[in-house]
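Residue-level structural notes
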Amino acid sequence: MSTLLSPPSPAPAAALEAHFAPMTPERLDAVLAVEQSAYSHPWSRGNFRDSLAAGHQAQCLLAGDELLGYFVAMLGHREVHLLNITVAPVHQRQGWALVMLDALALWSRARQAEWLWLEVRASNTRAQQVYLRHGFARVGLRKGYYPDGHGLREDAVVMNLRLEPA
Ligand SMILES: CC(C)(COP(=O)(O)OP(=O)(O)OC[C@H]1O[C@@H](n2cnc3c(N)ncnc32)[C@H](O)[C@@H]1OP(=O)(O)O)[C@@H](O)C(=O)NCCC(=O)NCCS
């Protein structure tokens, strides 16, 4: 994934050109910094290391050396499960999540996947809106799927996207 990318028009005020590069152990410091700034319950370094060791599809979206965002996805039998997608807070609402979802859909289709799946916190309506805009549908609820601090749990909304054959 080395094509130069721009977010969908209208272009954001500070238009950036971006490219994808694999998430490698050397990039984990930058990934962790974004992760911790973007989530109340961030993934740990170990979560990312485990994903890389498992051979998951993990890509960073970069503008020069700056990390705009990243995603991690797991290939299954004719389906792909999106495990993490994050845009650095300073670069949110500029279309970069849609760029990453498009790239993931393309990669998934090329591997004969028919469905993209994900879970998202029920309270994360912003992310759900982005997924709906990209064509995902809400298809279920997993009760108490996420830890929510203080011994509480939060439900996950399950969403999927049917992928047309490549
Ligand atoms: C959820 C998340 C990944 C969305 O990323 P994002 O880059 O802000 O999303 P996008 O900008 O691609 O979403 C499309 C939105 O940008 C708008 N947009 C698209 N292109 C644009 C452009 N060129 N200029 C300005 N806005 C644009 C779209 O109209 C849409 O608008 P909306 O804000 O009314 O929904 C991001 O908010 C995030 O990382 N959140 C924290 C982590 C998280 O919750 N991850 C998901 C866990 S399941």
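Notes on the structure in this doc start here. (Residues numbered from 1 in each chain as written. Predicted model: local features only at pLDDT ≥ 70, side-chain atom pairs only at ≥ 80, totals over all residues. Heavy atoms only, no water.)

Points about the pattern of salt bridges
- Enumeration over the complete set of coordinates arrives at seven salt bridges.
- The salt bridge partner of Arg162 is Glu114, with a shortest N-O separation of 4.0 Å. With Arg162 in strand 7 (residues 153–162) and Glu114 in the loop between helix 3 (96–110) and strand 5 (115–121), the pair connects residues that are 48 residues apart, well separated along the chain.
- The shortest N-O distance in the salt bridge between Asp148 and Arg121 comes to 3.7 Å. Here Asp148, found in the loop between strand 6 (137–147) and strand 7, pairs with Arg121, found in strand 5; they are 27 residues apart in sequence, far enough to count as distant.
- For Asp148, a relative accessible area of 29% corresponds to the partly exposed category. (Salt bridge = Lys/Arg side-chain N within 4 Å of Asp/Glu carboxyl O. Helix = DSSP H or I, 4+ residues; strand = E, 2+ residues; numbered from the N terminus. Buried < 20%, exposed > 50% of the residue type's maximum accessible area, 1.4 Å probe, protein only.)

Describing the layout of surface pockets
- One number sums up the size of the largest pocket: a volume of about 1200 Å³.
- Lining the largest pocket are 42 residues, and of these Tyr39, Ile85, Asn124, Ala127 and Tyr131 lie nearest its centre.
- Secondary-structure elements contributing two or more residues to the lining of the largest pocket are helix 1 (28–38), strand 4 (79–87), helix 3, strand 5, helix 4 (125–134) and strand 6.
- Per-element tally for the lining of the largest pocket: the top contributor is strand 4, with seven residues.
- Counted by class, the lining of the largest pocket contains 22 nonpolar, twelve polar and eight charged residues. (1 Å grid on protein atoms, 1.4 Å probe; cavity = no way out; pocket = protein on both sides within 12 Å on 5 of 7 lines; lining within 4 Å. Points joined across faces, edges and corners; volume = space filled by probe spheres on them. Nonpolar A, V, L, I, M, F, W, Y, C, P; charged D, E, K, R; others polar.)

Examining the sheet that holds strand 4
- Strand order in the open sheet formed by seven strands is 1-2-3-4-5-7-6, with mixed pairing between adjacent strands. Of all the strands in the sheet, just strand 1 (19–22) and strand 6 have a single pairing partner and so form its edges. Between one strand and the next, the sheet's axes are offset by a mean angle of 30°, whatever the strand orientation.
- For strand 1 and strand 2 (residues 57–63), the ladder comprises four bridges, and the chain directions are antiparallel. When the sheet's bridge partners are listed, Ala21 is paired in strand 2 with Cys60. (Pairing = 2+ DSSP bridges. Axes fitted to C-alpha atoms, helices over the stretch in contact; angles between N-to-C directions.)

A short note on the packing of helix 1 against helix 2 (residues 45–53)
- For the pair helix 1 and helix 2, the least separation of the axes is 10 Å and the interaxial angle reads 130°. Viewed along their axes, helix 1 and helix 2 adopt a mutual orientation that is oblique. As helix 1 packs across helix 2, the resulting crossing turns out to be right-handed. Where helix 1 approaches helix 2, its residues Leu28, Asp29, Val31, Leu32 and Glu35 are matched on the opposing element by Arg45, Phe48, Arg49 and Leu52.
- Partitioning the contact of helix 1 with helix 2 into residue classes produces five nonpolar, no polar and four charged. (Parallel < 35°, antiparallel > 145°, perpendicular 65-115°, else oblique. Left-handed = near helix turned anticlockwise from the far one by under 90°. Contact = heavy atoms within 4.5 Å.)

Considering the pairing of strand 3 (residues 66–75)
- Counting buried residues in strand 3 gives seven out of ten residues, a clear majority hidden from the surface.
- Here seven bridges tie strand 2 to strand 3, and the two strands are oriented antiparallel to one another. Looking across to strand 3, one finds that Leu61 is bridged to Gly69.
- Relative to strand 4, strand 3 runs antiparallel, the two being bridged by seven bridges. Looking across to strand 4, one finds that Leu75 is bridged to Val80.
- Taken together, strand 3 and the strand that follows it, strand 4, pair antiparallel across an intervening segment of three residues, in which Arg78 is found at a positive phi of about 60°.

Focus on helix 1
- Burial in helix 1 covers these residues: Leu28, Val31, Leu32, Val34 and Glu35. Down the axis, helix 1 shows its buried residues gathered within 165° of arc, on one side only. Exposed residues pointing more than 90 degrees away from the buried face of helix 1 are listed as Asp29 and Gln36.
- At its buried positions, helix 1 is contacted by helix 2, strand 2, strand 3 and strand 4. (Arc of directions from axis to C-beta.)

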